[in-house]
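What follows is each chain in one-letter form.
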Amino acid sequence: MVWGLSSFGDVGWLVFLSAFVIPFGIALVRNGAKLLSGEPEAGPRLSQLLVVPAGLSGIAIGSMVAQADFSTSAAQNQLAGFIAAFVLSAAAIVLTEARATKDYLGSR
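Residues numbered from 1 in each chain as written. Predicted model: local features only at pLDDT ≥ 70, side-chain atom pairs only at ≥ 80, totals over all residues. Heavy atoms only, no water.

(A) A look at the nonpolar core. Among the nonpolar cores identified, the biggest contains seven residues, and these are Leu 35, Ala 42, Leu 46, Leu 50, Ala 54, Ile 93 and Leu 105. Ranked by the residues each element gives to this core, the list is headed by helix α2 (residues 42-67), at four residues. Those residues in contact with Leu 46, other than ones at most four positions away along the chain, are Leu 28, Asn 31, Gly 32, Leu 35 and Thr 96. (Core = buried A, V, L, I, M, F, W, Y, C linked by side-chain atoms within 4.5 Å. Buried < 20%, exposed > 50% of the residue type's maximum accessible area, 1.4 Å probe, protein only. Helix = DSSP H or I, 4+ residues; strand = E, 2+ residues; numbered from the N terminus. Contact = heavy atoms within 4.5 Å.)

(B) Representation of the environment of Pro 40. For Pro 40, the location among the structural elements is in the loop between α1 (8-36) and α2. Under the relative-accessibility criterion, Pro 40 is labelled partly exposed at 26%. As for Pro 40 and Gly 106, which are separated by 66 residues in sequence, their C-alpha atoms are 6.5 Å apart.

(C) Fine view of a nonpolar patch on the surface. On the surface, Phe 16, Leu 17, Phe 20, Val 21, Ile 22 and Ile 26 cluster together into a nonpolar patch covering about 560 Å² of accessible area. Its place among the elements puts Phe 20 in helix α1. Owing to a relative accessible area of 56%, Phe 20 belongs among the exposed residues under this scheme. (Patch = residues over 30% accessible without salt bridge, like charges linked within 9 Å, V, L, I, M, F, W, Y side chains within 5 Å. Areas by Shrake-Rupley, 256 points an atom, 1.4 Å probe, with all protein chains shown as cover. Salt bridge = Lys/Arg side-chain N within 4 Å of Asp/Glu carboxyl O.)

(D) Main features of α2. The end-to-end C-alpha distance of α2, which contains 26 residues, comes to 38 Å, matching closely the 38 Å that a straight helix rising 1.5 Å per residue would cover. Among all positions of α2, only Ala 42, Gly 43, Leu 46, Ser 47, Leu 49, Leu 50, Ala 54, Ser 57, Ala 60, Ile 61 and Met 64 are buried. (Expected span 1.5 Å × (residues − 1).)

(E) Structural context of the layout of surface pockets. What the largest pocket holds in volume is close to 150 Å³. Lining the largest pocket, in full, are Phe 16, Phe 20, Val 21, Phe 24, Val 52, Pro 53, Leu 56 and Ser 57. By residue class, the composition of the lining of the largest pocket is seven nonpolar, one polar and no charged. (1 Å grid on protein atoms, 1.4 Å probe; cavity = no way out; pocket = protein on both sides within 12 Å on 5 of 7 lines; lining within 4 Å. Points joined across faces, edges and corners; volume = space filled by probe spheres on them. Nonpolar A, V, L, I, M, F, W, Y, C, P; charged D, E, K, R; others polar.)

Have a look at this one:
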């Protein structure tokens, strides 16, 4: 099978997941575990990583508000997922950068 633009729907998401999403998830889990184990350098790295899902979900929320048809349950569910991703990412960034967290890790 030759891969091309016409076959992106069949194999494109697999390539996308393999190349970007899975390593990104591993980096999030790795830095989160290091933060919980008390490594001071893990906090800023985790915050920088969490900006990606927060930013992408924020853009998606704005785009959906501007042009989505909310009469369908699929659009409503998708918007709820983007809002949940944004809130969780933003909350994690705030908690990671909090003064108490930095005092606990000894990175101040």
